[in-house]
Amino acid sequence: MFALKQLRHRYGGGAEISFPDWVLDAGGHALLVGPSGSGKTTLLSIVGGMLQPTSGQAIVAGQDLRQLSAGALDRFRGQTIGLVPQKLHLIASLTVAENLQLAQYLAHLPKNPQRIHEVLTRLGVAELAQRRPHQLSGGQSQRVAIARAVVNKPKLLLADEPTANLDDDAATAVIDLLEREAGEVGASLLIASHDGRVKSRIGHSFALQRQQAEETA
Amino acid sequence: MNIVKLAYKQLATRPLHTILNVLLLALGIATITLLMLFNAQLQDKLLNSSKGIDLVVGAKGSPLQLILSSVYHADIPNGNIPLKEADQIAKHRLVAKAIPMALGDNLMGFRIVGTTHDYVGLYGGEIAEGQLWKVSMEAVLGANVAKKSGLKVGQNFAGSHGLAGNGGHEHDDNQYHVVGILKPTGTVLDDVVLTEMQSVWDLHESETTTNPVFAQPSKPATAAKPANDDDDEEEGKPRDITALLISYKTPLAVLALPRHINANTNMLAASPAMEAARLLSIVGFGLDAFRAFAAILIISAGLSVFVALYTALKERRFDLAVMRMLGSSRFRLFTAVLLEGLLLAVASAALGLAIGHGVVELAGRTGMTPGLALTGRYWVPQEALLALLAVGVGAFAALIPAIQAYRTEIATVLSER
Ligand SMILES: Nc1ncnc2c1ncn2[C@@H]1O[C@H](COP(=O)(O)OP(=O)(O)OP(=O)(O)O)[C@@H](O)[C@H]1O
Ligand SMILES: [Mg+2]
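Residues numbered from 1 in each chain as written. Chains lettered and ligands numbered in written order. Predicted model: local features only at pLDDT ≥ 70, side-chain atom pairs only at ≥ 80, totals over all residues. Heavy atoms only, no water.

If you check an unreviewed UniProt entry, chain B appears there as ABC transporter permease from Parachitinimonas caeni. Note on chain B: under the UniProt heading Subcellular location (unreviewed entry), the record states "Cell membrane". (UniProt positions renumbered as here; feature names shortened; annotations may be inferred.)

(A) Focus on the environment of H9 of chain A. All names here are of chain A. Following the sequence through the fold, H9 ends up in strand β1 (residues 2-10). Spatially, the C-alpha atoms of H9 and G78 are 23 Å apart, while their sequence positions differ by 69 residues. Setting aside anything within four residues of it in sequence, one finds H9 in contact with A15, E16, I17, F19, T42, I46, L51, Q52, P53 and T54. Here the side chain of H9 touches Q52 through a polar contact of 3.4 Å, landing on its backbone oxygen. Within the local environment of H9, its side chain forms a polar contact with the side chain of T54, the two groups lying 3.4 Å apart. (Helix = DSSP H or I, 4+ residues; strand = E, 2+ residues; numbered from the N terminus. Contact = heavy atoms within 4.5 Å. Polar contact = N/O pair within 3.5 Å; in protein donor to acceptor, adjacent residues only side chain to side chain.)

(B) Highlighting the sheet that holds strand β10 (residues 205-207) of chain A. Residue and element names in this part refer to chain A. Pairing in this open sheet of five strands is parallel, and the strands run β7-β8-β9-β4-β10 from one edge to the other. One side of each edge strand has no neighbouring strand; the edge strands of this open sheet are β7 (81-84) and β10. The average undirected angle you get between the axes of adjacent strands in this sheet is 15°. The pairing of strand β8 (residues 156-160) with strand β9 (residues 188-192) spans five bridges and is classified as parallel. The residue of β9 that forms the bridge with L158 is L190. Lying on the sheet, helix α1 (residues 40-47) is in contact with β4 (29-33), β7, β8 and β9; it crosses β8 at an angle near 155°. Contacts from helix α5 (residues 138-150) reach β7 and β8, with the element oriented near 170° to β7. (Pairing = 2+ DSSP bridges. Axes fitted to C-alpha atoms, helices over the stretch in contact; angles between N-to-C directions.)

(C) Structural view of the nonpolar core. Counting 97 residues, the largest nonpolar core has F2, L4, L32 and L178 of chain A as the members making the most contacts within it. When near neighbours in sequence (up to four residues on either side) are disregarded, L4 of chain A contacts F19, P20, D21, W22, L43, V47, Q57 and A58 of chain A. Counting 50 residues, the second-largest nonpolar core is a separate cluster that includes L42, I67, Y119 and V179 of chain B. (Core = buried A, V, L, I, M, F, W, Y, C linked by side-chain atoms within 4.5 Å. Buried < 20%, exposed > 50% of the residue type's maximum accessible area, 1.4 Å probe, protein only.)

(D) How the structure looks around the side chain of E138 of chain B. All names here are of chain B. Checked against the element boundaries, E138 lands in strand β6 (residues 138-141). Comment: no salt bridge for buried E138; closest opposite-charge side chain is K134, at 6.1 Å. Residue contacts for E138: discarding those within four places in its chain leaves W133, H177, V179, L194, T195 and E196. (Lys, Arg positive; Asp, Glu negative; His and termini not counted. Salt bridge = Lys/Arg side-chain N within 4 Å of Asp/Glu carboxyl O.)

(E) Broad picture of unusual backbone geometry. Residue and element names in this part refer to chain A. Phi at Q6 takes a positive value of approximately 50°, unusual for a residue other than glycine. Looking at the secondary structure, you find Q6 in strand β1. On the basis of relative accessibility, which here comes to 59%, the residue Q6 falls in the exposed class.

(F) Quick look at the interface of chain B and chain A. Listed as interface residues are 26 residues of chain B and, on the opposing side, 29 residues of chain A. Buried surface at the junction of chain B and chain A, summed over both partners, amounts to about 2500 Å²; 63% is from carbon and sulfur atoms. Broken down residue by residue, the surface that chain B buries against chain A is led by M1, M325 and L326 of chain B, which jointly contribute 28%. Viewed at the interface, chain A and chain B are joined by two salt bridges. (Buried area = accessible area lost by both parts, 1.4 Å probe.)

(G) Quick look at the pattern of salt bridges. Residue and element names in this part refer to chain B. Considering all chains together, one arrives at 20 salt bridges over all chains under this definition. Between K183 and E126 there is a salt bridge whose closest N-O contact spans 3.2 Å. Remark: E126 occurs in the loop between α5 (118-122) and β5 (127-130) and K183 occurs in the loop between β8 (176-182) and β9 (192-195); sequence separation between them is 57 residues. For K183, a relative accessible area of 38% gives the class partly exposed. Owing to a relative accessible area of 46%, E126 belongs among the partly exposed residues under this scheme. When the shortest N-O distance is used, the salt bridge between R278 and E275 registers 3.0 Å. Here R278 and its partner E275 are both found in helix α10 (residues 272-315), three residues apart, which amounts to about one turn of the helix.

The structure is reproduced here in structure tokens:
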């Protein structure tokens, strides 16, 4: 699903982070582990087409991201990538259903209320469709964010620290949900986490080392 | 879900800010609308009512007062002029048409004007009911007079002295007889009662001159009775009129006729166009102050919209980053924010125009501007420009926030904590 080649990124003025040449097969599920500050979120951003790497190549769903124009990259992101950010960032002025409608609209996909209803039902939050984000519990918000990430049937589903601040049962449930939904739409799944509990659930994992330059910086 | 709906939702989640900004901008627009409508209707009225009148001849005094009293019926006359002298001017070779008028009493504050049928023709008046007057003490009512007084054809009324609606003593013994009612013309014709000049003379002959109109200094000048050589002057009494409305035969008269009258006779010649322009420029000073006030309102509204969008954007940077994460292009974010400013502006323009028209209509209905029948159902082309100005202010206020939205970096904003 993605292949990295000599991928490096340096934030303005910061130390350079280099990533191993990893490959994830289509439909594969993998875990991205590593200590805090090792570059997990950075890699998700690059693979998700949201951050331009300083050098190297990222091929996602058969597409070399460098070769896409700005507009094509936006479209690619909307239709191919589903991201559940660490802070969920649901849009506060919109209802749950409208948050999902917005995802369809911004990805230039046709309106599809059945799909929205179906996804919300699968995630057990259909009866919350008309609520606004501030009326949801943390767990409900996370389910809605997952629903938003999968509503457009992406090829690659990314999740950043989905189990942080969750108890054991809830953490297990969220990983189950992500795996189930990725499987349902046939998406590959990449979960960034430094949570030991997750490691036991997903076999395949990529490990980032503590960045050398980071330590000395 | 689309971009307009999204902009609307974003505004709707901040109702207080939104309403405040819309009100602020709308008030500025309403003030300007008010000024434009008032100005346009005043000009309309001034121009319509002096259409076809090139020159007014009356007693010596203030030219503005002469025009106000004899053209607009909004002041008391300077005095009177002898019919004989007026006749000589009427026969002057540069004069195409001269309409004499003798201003008399009033009916509920509406001036009773003794004149000829030409006066009706001057304003394109038409009979709605009944017929024009034929003999002394027959009267025809202007459209507004008929409406306000409720008088019908066939009924009688008595005039009272001066222009004031009440207080003057009534000529109870001499009743006017309504023989006709005119259609509305949107001119001063709607606000007068017309009759034969003889009616005015008859009423005032029987008494000593207690009427201020007939006790002006011009009277003694004609007191030296000329020979009994005129048909109009029964029993040797000299006839007076209040003014003569003149239209020129040739444009050359503009130079010659007023100078001739003012220099060689004991009468005053004044041009309605010039006096109307003078009046408008006096009113204009007041309007300018209002205009400056409205400009300040609109500028502060623009600033307020800017501050509102700018601060809202700071809170909403995550929303914008998420929208980009979901596939939105930079340009779409730019338009989304710009649209919020535009929506505010369009709502304000609509509300402002509505308030402006409403207030003018209300002022007209409650009679706040006597002599100027204001209506809110009156549109001037500049209102389109005003709406454009509002939209411009909205767009300008939203521009910097929109550019900031355009610059949103997804990854850095999303990983912020
Ligand atoms: N916007 C940024 N500007 C500059 N430096 C950044 C930025 N974002 C991240 N970094 C730096 O890049 C490195 C990698 O950060 P990243 O967020 O990818 O780590 P992470 O593995 O996700 O950490 P965590 O487990 O704490 O979420 C860190 O040293 C961080 O300080
Ligand atoms: Mg991280």
